[in-house]
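What follows is each chain in one-letter form.
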Amino acid sequence: MVKMAANEEKQQGHRPGVYKQKNKGHKHGKHRTKGEIERENKGRVSVTTLTKKQRKELGKMDRRHKANQLRKTKKDQVLMEKRRLGSRDGPPHLVAVVSLHANADAGAVSKLLRGEGAGGVVHLERCVSGVGDSFGLIVPRFKQRFTFLNQSTDDMHSLLDVAKVADSLVFVLDSTEGWDTYGDHCLSCLFAQGLASHALVCQGLSDISVKKRVDFRKALSKITEVRFPDSRLFPLDSDQDATLLLRHLGSQRQRKLGFRSRRSHLLAERVAFTPNGPMEGSGSGGPSGLGTLRVSGYVRGRALHANRLVHISGHGDFQLSQIDAPPDPLPLNLTTVRATKPGRGRDVEMQDGDESEAPVRVLMKADPSSRESLQVEAAVDPMDGEQTWPTEQELLDAEEARKNKRVMKVPKGTSDYQATWIIDEDEEEENGETDEESSDDDDGDDLMDEAMDGEDEENHSQETGSQAASEDEDDEEEEEEEVFSTERGGADQRYDDNMDEAAEEEGLKRYREARSHELFPDEVDTPLDAPARIRFQRYRGLKSFRSSPWDPMENLPLDYSRIFQFQSFERTRRRILAEAAADEDGAMDGWYVTLHIIDVPVSVMESVQSGKPLVLVSLLPHEQKMSVMHLLVQRHPSNTEPIKSKEELVFHCGFRRFRASPIFSQHTTADKHKMERFLRPDAPTVVSVYAPITFPPAGVLLFKQRNDGVQDLVATGSLLSCDPRRVVLKRIVLSGHPFKINRRSAVVRYMFFNRDDIMWFKPVELRTKWGRRGHIKDALGTHGHMKCVFDNQLRSQDTVLMNLYKRVYPRWTYDPYVPSQLPWFKKEVTIEMDDLDME
């Protein structure tokens, strides 16, 4: 029956399934079966699919084995670097002995380490140039070699320079107090700069009775936990203690300092100076003469190339002429010397060769065509900003354009676009002439031309009338302006007549005296003897300090033409550091070399002869060029004196040491940064200064010199970036007093003192200390009263403020040389230099 009904419906013309639900069709392109994918990609496998397949097929044990292999590779690499230090293939282990207490004797520690009972053989005395108490030690028992130097803490800058290149530091403590105040100051500087591997040594514990010895060690360990929470305290009273200390120094984990591990550096062990030639009136190699400085020492860090510049700490940047490879003065395995280890009967091999036996090899000579230049500043042509005299062709073109230029008078207020649609009289005459010339052969056209001429005459008469009307309108507007200015002058005169000037001056005096202790740091008084629009003409107002635009390339000072700028400092830094890590051309780490440094002043040699160590570092590309460097620092708790912006300070930035006058600003993520007038003690501060480019990371120390010559540690931090486009804005706040208060408006006085200043600063927004916002509506009188409108009614104790901003820049006072005659020390040290001819 159902089939029959369906057949009847078909016969009757009904379409079955008209009202049947229709679902969306399946998209085969998004959800395909595995078979379809394999058939489409037969013979082709994408990289992503292959990677996922390999990762899936890699079993759990395979992943574990792979992780173990990576871990083992890194561990072997660290162990290789650790074992290489002090071995035959690496440089000697450089150890600096530093006393942190006035009663601690660092010389006794050096004497005990020199003894034969410690298991070492002193192979070289006075091995570090400029340091009297230094020696090279070979320990056959550990198959290692050390270089010890006793660095005095009297010269803080020399101590910091030595700590930058030392592999380990041995701090000598007092048995009862640990370190004194100055020792704590030295530790603050060393920690801020970056502290290498260290060991704590204490003498005098053997003199204490056995019962009290444990208590003394516990008390001393409690003191040292403040600075060194995980360090071990080594007693040093016998040869056995010295042996344990040497074993610890040779096997301890080495701390990596970023600013030195990425650069090649060297501590001078032998220094010789050859003057270029006799100077007039100063003899051979006078104080102002230049010469070639030959510095010998072990290369540490990266490979040293002859085409790179070298920086001598405290003296500047110089070029190399060549690199020599003299014999190693502290060898291990060249000639066999019978040396017996303490407690054992085995023999080891050590070097005992004479330097004069082996000739000096020249490793590398600098290529003048590819050598880094000493260009510090950008080449500036003072005529670039001048207007040049035009050529004859330009003068002729200008004269022709002036002749062809039509002057057309248009009604007042007409824009340039509207003026182009106004037909000039000359154009009408030209159009009439062309029409007459083209219609000589057609009579009908002549009739049309006559009609057109008639219309033109009518239009001309209408335009003449419109011009006369516009002139009349201009005259009427000028008359209205004169009337308005007369009325305004009369209103101002009436307002001034009702004002008592003597009472106004007395009120201003009392107002400023009452608010002298309430001023904000940025609040300034408007001068009475000069217009505010002239005094603050470099300032501008901002609607929003966060979002209002400020062009960083606008109105730049002349000093900005002398500096360099990167398109992307971070990208350049990554590229240069990667290239330095992959560069293996030059003198490698651990080689004993002699550097020939050219055009070095004789003051460098005088500094070495006065007892100061000489530290050299190979500069990366662009690190000799000047730019605007930004340093993120935190004020040191020991400093309580105010540090003003643009005050001259002494900087330690990486291997560099220089003087400069910085500016301070807030550390924010915005595109504009507010200048700080003083170094804040409660928040990190960004210090901006003109200085040579240095690629971070690098530690930063700021010192201030007192009148008595003592250097105070002001702040510590790190290198932030190099960005001349960083906008630092100085803010000033002009204040006024509400004289009369209405519902939404108020009369404000004492902010300005003449009408022109009020109209000049009228577009700038006003605010109050109670959070009201407003603007200047009009000036009242000629003595600085103004009517202002606010978003709510003011209070009588409120103060009206106006914020103004201008961009500020640091001062160019960079000085790479630290004068030797200034007392940079904790206490005065007298040095006899009779053999030097110094001015």
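Just so you know, these numbers come straight off a predicted model, no measurement behind them. (Residues numbered from 1 in each chain as written. Predicted model: local features only at pLDDT ≥ 70, side-chain atom pairs only at ≥ 80, totals over all residues. Heavy atoms only, no water.)

Engineer: Quick rundown of the overall build of the protein? Include the residues and the values.
Structural biologist: The helix and strand tally for the protein stands at 19 helices and 35 strands. The proportion of buried residues among the 839 residues of the protein is 42%. Of all intrachain contacts in the protein linking residues separated by at least 6 positions in sequence, the fraction that spans at least 24 positions is 77%. When the accessible surface of the protein is summed, it comes to about 48,500 Å², and 49% of that surface belongs to carbon and sulfur atoms. (Helix = DSSP H or I, 4+ residues; strand = E, 2+ residues; numbered from the N terminus. Buried < 20%, exposed > 50% of the residue type's maximum accessible area, 1.4 Å probe, protein only. Contact = heavy atoms within 4.5 Å. Areas by Shrake-Rupley, 256 points an atom, 1.4 Å probe, with all protein chains shown as cover.)

Engineer: How would you explain the pairing of strand β26 (residues 685-692) if you had to name every residue and give the values?
Structural biologist: Within β26, eight of the eight residues are buried, which leaves it mostly tucked inside the rest of the structure. Alignment of strand β24 (residues 663-666) against β26, held across four bridges, turns out to be antiparallel. Within β26, the residue paired with Ile 663 across the bridge is Ser 688. (Pairing = 2+ DSSP bridges.)

Engineer: How would you sum up the packing of aromatic side chains? Please name residues and give values.
Structural biologist: Following the criterion strictly, the structure yields 18 aromatic pairs and no others. Judged by centre distance (5.5 Å) and plane angle (55°), the ring pair of Phe 566 and Phe 569 falls under tilted. Using a relative accessible area of 18% as the deciding quantity, one classes Phe 566 as buried. Its relative accessible area of 10% is what places Phe 569 among the buried residues. Linked through ring pairs, Phe 171, Trp 179, Phe 191 and Phe 228 together constitute an aromatic cluster. Between the NZ or CZ atom of Arg 540 and the centre of the ring of Trp 550, over which it lies, the distance is 4.0 Å. (Phe/Tyr/Trp six-rings, centres within 6.5 Å; stacked < 30°, edge-to-face > 60°. Lys NZ or Arg CZ within 6 Å of the ring centre and 35° of its normal.)

Engineer: I'd like a rundown of helix α9 (residues 239-251), residues and numbers included.
Structural biologist: Across its 13 residues, α9 extends 19 Å between first and last C-alpha, which sits within 8% of the 18 Å expected from 1.5 Å per residue. Asp 241, Ala 242, Thr 243, Leu 245, Leu 246, Leu 249 and Gly 250 are the residues of α9 that are buried. (Expected span 1.5 Å × (residues − 1).)

Engineer: For the pattern of salt bridges, give the residues involved together with the corresponding values.
Structural biologist: Scanning the model with the defined rule gives 32 salt bridges in all. Its salt-bridge partner being Arg 562, residue Asp 559 comes within 3.3 Å of it at the nearest N-O pair. Arg 562 sits in the partly exposed class, given a relative accessible area of 23%. The salt bridge involving Lys 672 is made with Asp 671; its shortest N-O contact spans 3.2 Å. (Salt bridge = Lys/Arg side-chain N within 4 Å of Asp/Glu carboxyl O.)

Engineer: Help me get a handle on the sheet that holds strand β5 (residues 168-173), residues and values and all.
Structural biologist: The strand order across the open sheet built from seven strands is β2-β3-β4-β1-β5-β6-β7, with neighbouring strands paired in mixed fashion. Strands at the two margins of the open sheet, each flanked by one partner only, are β2 (121-125) and β7 (233-235). Sheet twist, expressed as the mean angle between neighbouring strand axes with direction ignored, is 30°. Pairing of strand β1 (residues 93-99) with strand β4 (residues 144-150), which is carried by five bridges, proceeds in the parallel orientation. If you follow His 93 over to β4, its bridge partner there is Phe 146. Packed on one face of the sheet, helix α8 (residues 210-224) meets β5, β6 (197-202) and β7 and runs near 140° to β7. (Axes fitted to C-alpha atoms, helices over the stretch in contact; angles between N-to-C directions.)

Engineer: Explain unusual backbone geometry residue by residue, including any values.
Structural biologist: Cis peptide bonds are those with omega within 30 degrees of zero, and the linkage from Pro 696 to Pro 697 qualifies with 10°. Within the secondary structure, Pro 697 is located in the loop between β26 and β27 (699-705). Phi at Arg 126 is positive, roughly 50°, even though this residue is not glycine. Mapped onto the fold, Arg 126 is located in the loop between β2 and β3 (134-139). In the Ramachandran plot, Tyr 750 falls in the positive-phi region, its phi being about 70° despite a non-glycine side chain. With respect to the secondary-structure elements, Tyr 750 resides in the loop between β30 (745-749) and α19 (755-760).

Engineer: Before we move on, can you summarise the environment of Ala 96 with the specific residues and values?
Structural biologist: Looking at the element boundaries, Ala 96 is found in strand β1. In sequence terms Ala 96 and Val 170 are 74 residues apart; their C-alpha atoms lie 6.1 Å from each other. Aside from chain neighbours lying at most four places away, what touches Ala 96 is Leu 149, Val 162, Ala 166, Ser 168, Leu 169 and Val 170.

Engineer: Give me the lowdown on the packing of helix α6 (residues 156-165) against helix α7 (residues 181-193), citing residues and values where you can.
Structural biologist: At a minimum axis separation of 11 Å, α6 and α7 run at an interaxial angle of 40°. Taken as axis vectors, α6 and α7 run oblique relative to one another. Between α6 and α7 the crossing geometry is right-handed. Touching Met 156, Leu 159, Leu 160, Ala 163 and Lys 164 of α6 are Tyr 182, His 185, Cys 186, Cys 189, Leu 190 and Gln 193, all from α7. When the residues that make up the contact of α6 with α7 are grouped by side-chain class, the tally is eight nonpolar, two polar and one charged. (Parallel < 35°, antiparallel > 145°, perpendicular 65-115°, else oblique. Left-handed = near helix turned anticlockwise from the far one by under 90°. Nonpolar A, V, L, I, M, F, W, Y, C, P; charged D, E, K, R; others polar.)

Engineer: Account for the environment of Pro 557, naming residues and giving values.
Structural biologist: As for its placement among the helices and strands, Pro 557 is situated in the loop between α16 (532-535) and α17 (569-582). Take Pro 557: its relative accessible area is 27%, and that puts it in the partly exposed class. Setting aside its immediate chain neighbours within four residues, Pro 557 contacts Tyr 690 and Tyr 809.

Engineer: Quick one: what's the story with the confidence of the model for the protein, residue by residue and with numbers?
Structural biologist: The predicted model of the protein averages 78 in pLDDT, with 74% of residues at 70 or higher. Below a pLDDT of 50 lies the segment residues 433-463, which in the model reaches ten contacts outside its immediate sequence neighbourhood of four places, other chains included. (pLDDT = per-residue confidence, 0-100.)

Engineer: I'd like to hear about the environment of Gln 375, residue by residue, with values.
Structural biologist: Its place among the elements puts Gln 375 in the loop between β17 (361-365) and α11 (392-404). Residue Gln 375 is classed as partly exposed on the basis of its relative accessible area of 35%. Along the backbone, Gln 375 and Gln 624 are 249 residues apart, and their C-alpha atoms lie at a distance of 7.2 Å. Looking at Gln 375, its side chain comes within polar contact range of the main-chain oxygen of Glu 377, at 3.1 Å. (Polar contact = N/O pair within 3.5 Å; in protein donor to acceptor, adjacent residues only side chain to side chain.)

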